Structures are given as C-alpha cells and as structure tokens.
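# Tertiary structure, described
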Amino acid sequence: MRALRLTAWGEPATPTEVERPVPHGTEVLVRVEAAGLCHSDLHVIDGVPGALPYRLPFTLGHEVAGRATALGPDAEGVTAGQRVVVYGPWGCGACDRCAAGRDNYCDRRDTLPWHGVGLGRDGGMAEYLLVPSARHLVPIDDLPAVQAAPLSDAGLTSYHAVAGLRPALGEGGTAVVIGVGGLGHLAVQILRATTASRILAVDVREDALALADRSGADFGTLVRADTARVLRTRSGGAGADAVLDFVGTAQTLELATGILRPGGELAVVGSGGGRLTVAKPGVLPPGFRLSLPFWGTRAELAEVVGLARSGAIQVETERFPLSAAPEVIGRLRRGQVRGRAVLVP
Ligand code: NAD
Ligand code: ZN
Ligand code: ZN
C-alpha cells in the first residue's frame, strides 16, 4: 500500500510503498477514507534530530477516518465494516488517565517514544491504518470521512480548549481567537455552538477572516499596529475574558496578554515557539490564568462528532489525493490552505 513516510528529520515526507499491516490481538485494521493535514505535521517534518522522542521512519497522519475492515482475534467494541474516526492521542493504555479515555494526558507520556497516531506511530496518510485497540475508535455512522477526519484533532483540540475556558468566559464574555486556520475556524464554530460569548477573530490573512465570518465570529481583524486597541474596544472596553492562541509566537502571545482583562484566561494551543515571562509585579493582568491544552479526551471526541452530525459545526475542507501530499504540505507552509486540507487515498 502507499503511505506518506517520514524517513529523516527536516526532509520532505515521501509517498512510499509499504506492506499492508495485518491485525493481531486487539488490533483493528482501518481502511482509510480521509486523513487531515495539520500544521503540527509541519513542526514534526521540520523536527530537529532528538527534539521529538519518535523513532524514524513512520507514516504521518494523525486525523484519520475510515472503515474498520479486519479485526484481530481479541478486538472488542467494534464490528467489521463499521465507519469510525480515530481517537489520536495514544497513551500507555494502563495508567488512570488512559483508563478514563484521557490518553492526551497519559501519566507515562514522557517515557513513550510516541504521542499518538502519526506522531511516532504509523499514521493514516496511507491506504490502511493499524489501530492498537478499538478504544481508540469512535463511530461516525454516515458522516462523510472528509468531515470526520479533521474532527479528531482540529475539532477535538478546539473543543477541549473551549471547554477549559468556560469558567473564564462565564455568561456572555468575550473570546478572542488568534489564527483562524484548521483549528481556529472550528474553535469559532464551537464557541458559537456551546457558549454565549462574543467572538472576535484575528489573522494575518483576509481569506481566514472571511472564514471566521462564515464560522460565526462577530468581528474579525487583521494583525496591525493597533489590533490590541481595536479588540479592546470591540470587547466592550474592558478586554477579553478568554483568548485562544492558535499561533503561539512571541507576537501573538504579546497580543494575547495585552488584550486580556483581569481574571482572564489565555489558552496557548499553537506551537509557534514564543515565550511568556511571569513576573510579579509585571505586565500580566491580575488574576491571569494560562492553560496549555493538548488534544482532548475520547468522550469529547464523541461529543464533537455529535456536534458535526447535528450540523452545529462544519469543517471547511480542501480535498486532495494522497499522491498530492508533498504539494499540499507546501501549500500549508505558504498559508494557502483554507480551513483544513484533507488527503484521500
Ligand atoms: P493552520 O496553518 O491551519 O492555521 C494557522 C492560522 O494562523 C492561519 O490562518 C494563519 O494565517 C494564522 N496566522 C499565522 N500567523 C499569525 C499571526 N502572527 N497572527 C494571527 N494569525 C496568524 O494551523 P492549524 O493546523 O490550525 O494549527 C495551529 C497551531 O496549533 C499549530 O501551531 C499546531 O502545531 C498547533 N496544534 C496544537 C495542538 C495541541 O493539542 N496543542 C493540536 C493541533 C495543532
Ligand atoms: Zn494536529
Ligand atoms: Zn497512560
């Protein structure tokens, strides 16, 4: 089968012919119908040797949907032919967190040479994917795979981040979304569907602001010298109750902390390499809270699938054949993908 393999850090991932896996024990073989391309894939491809604990080579692809086609003799909780989305964070499977479906915060994370499917373990940018256990599968029924695949990270991570901000947002607070790409446009929709907040969006691209508007944002602005002032005014003057930073550079962290009102919370989701200095006294607002949400729980993925099936959220996708992966990776790098790029094998 064809698979997009990462064979060396910092070198382009290449479509390669590999053996189709066979499920043993509790494993489930999924015929991949769609795999989303995440900005994190760029961070992984660009990884410097030793920075990530992953062993090379492996197949990329951590947003995967398809059909369970073959089951190992001990696989339980899924039937052959069932359509599924893959819960991507794969933990140790044995700690309290994993047992509770919270592999995203596995206690043994630091001892494992992977973070999940397509992140140190073979992923779904291939014709077939071997999943270690049906506990990593969530049924999607008739949801199209191109919609379902991005729910497993772009949707789930945004949902988990928004859930964490609910106390800070309260009833009718102001949320600012920085970076309206694959994750950000779903964060806007999830805020709209699950909170009563005023939603302000920021990006460096006009087309991303148009997407924010279609996704339900109340206001969108390009990053400019006076962005902080504009956002403060739009929040009613006091500043934002919550900021979701899907970029995470020094520039966006400065903007985020500069527009939070006292008692507000910043969730940093983007891995842009920016740093935040904590000092008292300092420039951070009193009562400032910071969270670093990572992915989400299995139960939350089922809730996100439910939101998509009800029509409350809809992923904006651009669809490509798996063979176009190298070119699509280039497009994402150049900021030329609207919403989520999805590869179809
Ligand atoms: P994306 O490329 O689809 O979207 C990024 C958006 O940010 C684009 O619209 C881009 O125009 C915009 N942007 C870039 N620079 C900006 C700036 N200075 N100010 C405002 N907007 C700016 O990326 P994505 O797939 O949505 O991922 C976003 C980030 O989240 C990445 O860093 C990714 O690695 C990270 N991520 C984290 C988790 C987690 O669990 N913590 C999960 C998935 C992705
Ligand atoms: Zn991702
Ligand atoms: Zn664990």
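About the cut-offs
- Residues numbered from 1 in each chain as written.
- Chains lettered and ligands numbered in written order.
- Predicted model: local features only at pLDDT ≥ 70, side-chain atom pairs only at ≥ 80, totals over all residues.
- Heavy atoms only, no water.
- Near = heavy atom within 4 Å.
- Polar contact = N/O pair within 3.5 Å; in protein donor to acceptor, adjacent residues only side chain to side chain.
- Areas by Shrake-Rupley, 256 points an atom, 1.4 Å probe, with all protein chains shown as cover.
- Helix = DSSP H or I, 4+ residues; strand = E, 2+ residues; numbered from the N terminus.
- Donors = N, O, S within 2.8 Å, 3.2 Å for Na, K, Ca; no water.
- Tetrahedral: all angles 85-135°; square planar, octahedral: opposite > 155°, others 65-115°.
- Buried < 20%, exposed > 50% of the residue type's maximum accessible area, 1.4 Å probe, protein only.
- Pairing = 2+ DSSP bridges.
- Right-handed = clockwise from strand over helix to strand, strands pointing away.
- Contact = heavy atoms within 4.5 Å.
- Domains from an automatic or database assignment.
- Salt bridge = Lys/Arg side-chain N within 4 Å of Asp/Glu carboxyl O.
- Nonpolar A, V, L, I, M, F, W, Y, C, P; charged D, E, K, R; others polar.

The next subject is the site of ligand 1. Taken together, the neighbourhood of ligand 1 is formed by 28 residues, with His-39, Ser-40, Asp-203, Trp-295 and Arg-340 sitting nearest. Between Asp-203 and ligand 1, the recorded distance is 2.6 Å, taken from a side-chain N or O atom to an oxygen atom. The protein chains hide 89% of the 870 Å² of surface that ligand 1 would expose on its own. Those elements giving two or more residues to the shell around ligand 1 turn out to be helix 1 (39-45), helix 3 (145-169), helix 4 (182-194) and helix 7 (250-259). Among the elements that take part in the shell around ligand 1, helix 1 stands out by supplying three residues, more than any other.

Another aspect to go through is the coordination of the zinc ion (ligand 3). The protein atoms that coordinate the zinc ion (ligand 3) are Cys-92 (SG), Cys-95 (SG), Cys-98 (SG) and Cys-106 (SG), at distances spanning 2.3 to 2.4 Å. Taken together, the four donor atoms coordinating the zinc ion (ligand 3) and their angles of 103 to 117 degrees define a geometry best described as tetrahedral. Expressed as a motif, the donor residue spacing for the zinc ion (ligand 3) is C-x2-C-x2-C-x7-C. In this structure Cys-92 comes out as partly exposed when scored by relative accessible area, which is 25%.

With that settled, the discussion passes to the pairing of strand 15 (residues 260-268). Two strands pair when backbone bridges link them, and strand 14 (residues 240-245) and strand 15 are joined in this way by five bridges, in the parallel orientation. Within strand 15, the residue paired with Ala-240 across the bridge is Leu-260. Considered for its hand, the β-α-β crossover made up of strand 14, helix 7 and strand 15 is right-handed. Both strand 15 and strand 16 (residues 289-291) contribute to a ladder of three bridges, which runs parallel. Across the sheet, the residue bridging to Glu-265 is Arg-289, located in strand 16.

A word on helix 7. Within the sequence span of helix 7, burial applies to Thr-252, Leu-253, Leu-255, Ala-256, Thr-257 and Ile-259. On its buried side, helix 7 packs onto strand 11 (174-178), strand 12 (198-203), helix 6 (227-234), strand 14 and strand 15.

According to the domain assignment, the protein chain consists of domain 1 (2-139 + 315-344) and domain 2 (153-291). Measuring from the centre of the C-alpha atoms in domain 1 to the corresponding centre in domain 2 gives 28 Å. Taken together, the contacts link 14 residues of domain 1 with 14 residues of domain 2. At the boundary of domain 1 with domain 2, the tally comes to one salt bridge. Here Glu-316 ties to Arg-214 by a salt bridge, and the two come within 3.1 Å at their closest N and O atoms. Applying the counting criterion to the domain 1 and domain 2 interface returns eight residue pairs in polar contact (both at pLDDT 80 or more). Here the side of domain 1 that touches domain 2 is composed, by residue class, of five nonpolar, five polar and four charged.

Turning our eyes to something else, we now look at the sheet that holds strand 2 (residues 14-17). Spatially, the three strands line up as an open sheet ordered 2-1-4, and their pairing is antiparallel. Strand pairing shows two members of the sheet lacking a second neighbour, strand 2 and strand 4 (58-59), which therefore form its edges. In this structure, strand 1 (residues 2-6) lies alongside strand 2, joined through four bridges in antiparallel fashion. Paired with Leu-4 across the strands is Pro-15, a residue of strand 2.

For the peptide bond that leads from Leu-56 to Pro-57, omega is -5 degrees, which places it in the cis range. Residue Pro-281 is bonded to the preceding Lys-280 through a cis peptide linkage, with omega at -5 degrees. By the element assignment, Pro-281 lies in the loop between strand 15 and strand 16. A positive phi angle, near 50 degrees, is found at Asp-141, a position not held by glycine. Mapped onto the secondary structure, Asp-141 falls in the loop between strand 10 (137-139) and helix 3. Using a relative accessible area of 45% as the deciding quantity, one classes Asp-141 as partly exposed. Phi angles above zero are rare outside glycine, and Trp-295 is one such case at about 50 degrees. Structurally, the position occupied by Trp-295 is in the loop between strand 16 and helix 8 (298-309).

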